[in-house]
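# Descriptive structure summary
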Amino acid sequence: MPSELERAMESLITVFHRYASREGDSASLSRKELKQLMEAELSSFLKSQKDPATVDKIMKDLDANGDGQVNFEEFVALVVGLSIACEQCYQMHLQKSCRK
Ligand SMILES: [Ca+2]
């Protein structure tokens, strides 16, 4: 029986592949797939970022090897970055209140 953390890791893999397999290379996210993933799976974490240029910016930041696609390694960097931001927010929330 997998632990909570193991299930979270499994979810990362499952979600990545669900979107990556929609078109083209099934091992990486195109710009369109990344946008769909962010809108559907990260809507509350990224809701403050309505700017349409945000996807392009994130895509550019994530695409470490510059091939115009986001592979699993690059995707995990996004999740880790967001998790760190959320954890800081969580710490602040414990102290007082969490502000964007
Ligand atoms: Ca890439």
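What comes next concerns the included structure. Everything numeric here is computed off the predicted structure, so don't read it as measured data.

### Focus on the coordination of the calcium ion
Donor atoms from the polypeptide that bind the calcium ion are Asp63 (OD), Asn65 (OD1), Asp67 (OD), Gln69 (O), Glu74 (OE) and Glu74 (OE), placed at 2.2 to 2.7 Å. Note that the calcium ion binds six donor atoms; their angles at the metal cover 50 to 159°, and the shape is irregular. Its relative accessible area of 22% is what places Gln69 among the partly exposed residues.

### Some thoughts on helix α2 (residues 31-41)
Considered for burial, the residues of α2 that qualify are Glu33, Leu34, Leu37 and Met38. Around the axis of α2, the buried residues are gathered within 135° of arc, so they sit on the same side. For α2, the secondary structure elements touched by its buried residues are α1 (4-20), β1 (28-29), α3 (53-62), β2 (70-71) and α4 (72-95).

### Some thoughts on the pattern of salt bridges
The final tally for this structure, using the stated rule, is five salt bridges. One salt bridge connects Glu41 with Arg18, and the closest N-O pair in it is separated by 3.9 Å. Note that Glu41 is positioned in helix α2 and Arg18 in helix α1, a separation of 23 residues in sequence. One salt bridge connects Asp61 with Lys57, and the closest N-O pair in it is separated by 2.9 Å. Taken as a pair, Asp61 and Lys57 lie in helix α3 at a separation of four residues, close to a single helical turn.

Cut-off values and rules
- Residues numbered from 1 in each chain as written.
- Predicted model: local features only at pLDDT ≥ 70, side-chain atom pairs only at ≥ 80, totals over all residues.
- Heavy atoms only, no water.
- Donors = N, O, S within 2.8 Å, 3.2 Å for Na, K, Ca; no water.
- Tetrahedral: all angles 85-135°; square planar, octahedral: opposite > 155°, others 65-115°.
- Buried < 20%, exposed > 50% of the residue type's maximum accessible area, 1.4 Å probe, protein only.
- Helix = DSSP H or I, 4+ residues; strand = E, 2+ residues; numbered from the N terminus.
- Arc of directions from axis to C-beta.
- Contact = heavy atoms within 4.5 Å.
- Salt bridge = Lys/Arg side-chain N within 4 Å of Asp/Glu carboxyl O.

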